[in-house]
Each structure stands twice: as C-alpha cells, then as structure tokens.
Amino acid sequence: MSNGKERIAIIGAGLGGAVAGALLQHAGFDVNVYEQAPSFSRLGAGIHMGPNVIKIFERIGVAEKVVSISSTPSHWFSRDGISGDYRSRIPLEGYGATYCTVHRGDLQGIQCDALQPGTLHFGKKLTRIDDNGTDVLIEFEDGTSVRADIVVGADGINSRVRETLLGAEKPNYSGWVGHRALISSDKLRKYDLTFEDCVKWWGPDRHMMVYYTTARRDEYYYVTGVPHPAWEFDTAFVPSSREEMFSEFEGYHPVIQALIESTDEVTKWPLFNRNPLPLWSRGRLVLLGDACHPMKPHMAQGAAMAIEDAAMLTRCLQETGVNNFATAFGLYEANRRDRATRVQTVSNANTFLLDQEDPSWVYGYDLYAEPLKSEKAA
Ligand code: FAD
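From a predicted model like this one, the values you see are computed outputs, not experimental measurements.

Trainee: Looking at this model, I keep getting lost on the overall build of the protein chain. Mind explaining?
Mentor: For the protein chain, the helix and strand inventory stands at 10 helices and 19 strands. Relative to the globule expectation of 21 Å for 378 residues, the C-alpha radius of gyration of the protein chain, 21 Å, shows essentially globular dimensions. Judged by the C-alpha coordinates and their principal axes, the protein chain covers about 65 × 45 × 35 Å. Burial statistics for the protein chain: of 378 residues in total, 57% are counted as buried. Within the protein chain, counting contacts between residues at least 6 apart in sequence, those at least 24 apart form 74% of the total. Carbon and sulfur atoms form 48% of the exposed surface of the protein chain, whose accessible area is close to 15,700 Å². Separation of charge centres in the protein chain, based on 38 positive and 48 negative side chains, amounts to 2 Å.

Trainee: Which parts of the structure should I look at to understand the nonpolar core?
Mentor: Across soluble globular proteins, you tend to see nonpolar side chains buried next to one another. Ranked by internal contacts, the top residues of the largest apolar core, which has 93 residues, are I8, M49 and F57. Aside from chain neighbours lying at most four places away, what touches M49 is I54, F57, T98, Y99, C100, V102, L107, A303, A304 and I307. One finds F195, V199, Y220 and L259 within the second-largest nonpolar core, a separate group that totals 26 residues.

Trainee: Explanation requested: the UniProt feature "domain: FAD-binding" (unreviewed entry) in the protein chain in the structure shown.
Mentor: Look at the UniProt record and you will see "domain: FAD-binding" (unreviewed entry) annotated at residues 8–343. In the segment residues 8–343, helix accounts for 29% and strand for 29%; the C-alpha atoms at its two ends are 28 Å apart.

Trainee: I'm lost on the packing of helix α1 (residues 15–26) against helix α4 (residues 104–113) in this one. Help?
Mentor: The relative placement of two packed helices is expressed as an angle between their axes plus a distance between the axes. Taken N-terminus to C-terminus, the directions of α1 and α4 make an angle of 25 degrees; their axes are 9 Å apart at the nearest point. Here α1 is positioned roughly parallel relative to α4, judged by the angle of their axes. In this structure, α1 crosses over α4, and the sense of that crossing is left-handed. Two secondary-structure elements touch here, α1 through L15, A18 and V19 and α4 through R104, L107, Q108, Q111 and C112.

Trainee: Sorry, what's going on with the site of the ligand here?
Mentor: Among the 30 residues in the neighbourhood of the ligand, the closest are listed as G16, E35, R104, L126 and D290. Between the ligand and A303 there is a distance of 2.9 Å, counted from an oxygen atom to a backbone nitrogen or oxygen. Compared with its free state, where it exposes 1,000 Å², the ligand has 86% of that area covered by protein. Going through the elements one at a time, α1, β3 (46–49) and α8 (302–320) are the ones with two or more residues in the shell around the ligand. With 4 residues, α8 is the largest single contributor of residues to the shell around the ligand. Of the residues belonging to the shell around the ligand, the class tally is 13 nonpolar, 10 polar and 7 charged.

Trainee: What should I look at first to understand the packing of aromatic side chains in this one?
Mentor: Each pair of aromatic rings is reported with the distance of its centres and the angle of its planes. Inspection of the entire model under this criterion finds 18 aromatic pairs. Centroid distance Y212 to Y220: 4.3 Å. Interplanar angle 40 degrees. Geometry classified as tilted. Residue classification places Y212 among the buried positions, given a relative accessible area of 7%. Arranged with centres 4.9 Å apart and planes meeting at 70 degrees, the rings of W231 and F233 form a pair that is edge-to-face. The class for W231 is buried, based on a relative accessible area of 13%. Ring pairing ties together the aromatic residues W76, Y95, Y99, F352, W361 and Y363, which thus form one cluster. The positively charged end of R59 is found above the aromatic ring belonging to Y368, 3.7 Å away from the centroid.

Thresholds applied
Residues numbered from 1 in each chain as written. Predicted model: local features only at pLDDT ≥ 70, side-chain atom pairs only at ≥ 80, totals over all residues. Heavy atoms only, no water. Helix = DSSP H or I, 4+ residues; strand = E, 2+ residues; numbered from the N terminus. Rg over C-alpha atoms; globule rule 2.2 N^0.38 Å. Buried < 20%, exposed > 50% of the residue type's maximum accessible area, 1.4 Å probe, protein only. Contact = heavy atoms within 4.5 Å. Areas by Shrake-Rupley, 256 points an atom, 1.4 Å probe, with all protein chains shown as cover. Lys, Arg positive; Asp, Glu negative; His and termini not counted. Charge placed at Lys NZ, Arg CZ, Asp CG, Glu CD. Core = buried A, V, L, I, M, F, W, Y, C linked by side-chain atoms within 4.5 Å. UniProt positions renumbered as here; feature names shortened; annotations may be inferred. Axes fitted to C-alpha atoms, helices over the stretch in contact; angles between N-to-C directions. Parallel < 35°, antiparallel > 145°, perpendicular 65-115°, else oblique. Left-handed = near helix turned anticlockwise from the far one by under 90°. Near = heavy atom within 4 Å. Polar contact = N/O pair within 3.5 Å; in protein donor to acceptor, adjacent residues only side chain to side chain. Nonpolar A, V, L, I, M, F, W, Y, C, P; charged D, E, K, R; others polar. Phe/Tyr/Trp six-rings, centres within 6.5 Å; stacked < 30°, edge-to-face > 60°. Lys NZ or Arg CZ within 6 Å of the ring centre and 35° of its normal.

And the structure:
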C-alpha cells in the first residue's frame, strides 16, 4: 500500500483526469492535476453516465449529487428517423446503479469539486516531459515546472503525453461530424408531440441522439452523427445553423423538425478516433481515456471508459504502491485493454442498441467486483 508520500501528476482535468485525481486522493496518494484551460465554462453539451460509471462515482462520494441533477431515463428508445417506428426499447434500470443524462459542464464541475482544495491547477499547458529514470520533470507553457514520481496522461485525443511515448501522429478523421444543441423545454410545449427522455433517431447514414440534461427536464439536448467528407477547420468545433440542420435532416420525423425549429444555437464537431495503441505506458508515464483509446461517441461511453480507466489505475496502484509503478501499469493495461478496445470497436461501428439487445456487458459491469487479471493471464 502507498505511504501517501509519492507524487502523482495528472495532465488534464477533463472527464477522466478529474476523476482519476479524486480516486487517487481518496486512496491516500499525493496527487496534483494540471489543466491547460484557464477555467472551465458551461459548454453547450450533454453526456450520458451509465450505471457502470455511477458505481465508480460512489467511491468519491459524488454519485448521489450527479443522480440528483440528472435526468434518469427508464429506457433508451431507438426509432426509425423517418417513420418513427420503434427498433428497440432498451431498459436502463436493473444494472446496479442509476442511468443518468446530464449537462457536461455541470458534471465536470462536480468532478472537479471532488478534488482536494488547491490540487487542481488551471492555466498549466504541458509542453515537455522528461522521464530521467528517477523521476519526471514536467514543463508548462507559462515557464513553470514541477517534478513527479509518475505522470498520468489524461490530456485527451491530442495528448502531449501520448506524443512523448509514441511520437507525433494526428488522430484519424472519421468522415463524420456531430452537431450539438441545447434547447429550452419551454420552446417545445407548443408542439402536439412527445419528447421522450432518451431516444436515438436512426436514418440510413445518420442519426440524432436526444435526451434531457437536467433533473427538472427543462433543457433538452441533441447530438448528431452525420457524414461529412473532410474536416477543413483548425478549431475544435465551428458554428452550424438551423438551415444546415434542416437540410441534413430533410424528410425526417416531425419531432426532429420541431427540435431543429426550436434550435437557437448549434455547433458542429469533427469526430476523430485512433487505432488501438501498441502501448499504454512506458517508464513513469501512463495514459488513460481519449489519450489512449479515443472513439466515435456513438455508444455514449467514451468518458465512461476514461473514468473506468481511472478507477482501474487507482486499484492497481493501491495493490502495488507508486514505487512499484511498473507492475501497476502492467496490471492496469492487462485489466483494461480488452474492454476498452471492445467498446471502441462497437462505438466506432455505431450499432449499439439499434435493435433489441442486452447491454448488461456495458452497464452491468462493476469494476470493483472484477477479479484482477495478472499480466500473464491477459
Ligand atoms: P477530455 O475530456 O478531452 O479531457 C482532456 C483534458 O486535458 C482537457 O480538459 C484538456 O484541456 C486537457 N489538456 C489537453 N492537452 C493538455 C496539455 N498539453 N496540458 C494540460 N492539459 C491539457 N462520452 C460518454 O461517456 N458519454 C457521452 O454521452 C459522450 N458524448 C459525446 C459526444 C460528442 C459529440 C463527442 C465528441 C464525445 C462524446 N463522448 C461521450 C466522449 C467523451 O467526450 C470523451 O471520451 C471524454 O471526454 C474523454 O475524457 P478524457 O478525460 O480522456 O479527455
């Protein structure tokens, strides 16, 4: 077990990094989290947090809070985008914890608040890492630097830590974009239509996932997947428009037309991914989440996999202590690679829950109930 003195640095306070920090701190480790952004704003997006994640949130005391601010749908419906016929009705209850849909910024706020005061450092953009075999020197764009015993790269799809391990390589553009918009529920009252809690509308080559992001159900959210041959912009997203949305979803169901008509602001995001990496760690550096296995978001499990990584990494470091980090990192990869790669593959294929199926392998998973596989057994 750790003596609580080893220094762990986490790069990135996104959905995986913040939870990794909180879990490791709860386990008694000395952890600091370094985030490039000067602060976080309430970006216009929602997110699903499945029961597999809520079970992890219980360990850092935020599960109840997350559930209390979320919409908690009883089913995921998959419907034909044009006729409205139901392809599947997937129960979301019975997996050992609540299924939540929530505003991403609200979730991120709760996660960051779970960190010990003074351990989350904003405005710290990692520029260089030097693992000298004894410890790691971490340099930031603002000219400051720190040392740590191990470094967790939770710095997302364009991870600088991944680049240090494996060299510079741009992620693959998938040929798809996602449009995202938040709509005030007030705007939907005038329609004689039902706006279901959690529904994915499927067309032959595109879809729209729709759900509430608050417990009060006063904010409705959609995110699409639409083919788009090339991403010609340098920015993370660009503005889209109601006109573009009407044209992308021409002839689709009246509920979709009502959502587009009620849209004030919509943004368009490129969907990137990577092939599975040949290694998840080297020396004192280890990766988690999108830095390691980014995917198209169509299973709504990308952040969930980052959070499961965080929990498994903590569990392995608790087994070995930081001084024996090499064993911990090997165990971590052995216990995460198959599941993360399976989710990455199914998510990229965009087939999950289209037809009636049992999602227990995703939602029923309790990371803490799984026996740890040794590196050799993996
Ligand atoms: P991120 O959340 O990307 O966090 C990385 C952090 O590192 C950021 O805060 C970044 O600023 C910081 N950073 C980057 N570089 C540096 C640096 N050099 N120095 C310091 N800090 C740095 N997942 C779900 O589970 N459910 C969903 O419903 C869902 N919907 C999605 C919808 C869309 C349209 C998209 C694009 C993704 C969706 N995802 C969803 C996927 C999810 O957003 C990602 O998988 C998740 O955010 C990955 O978490 P992460 O912590 O690995 O990376």
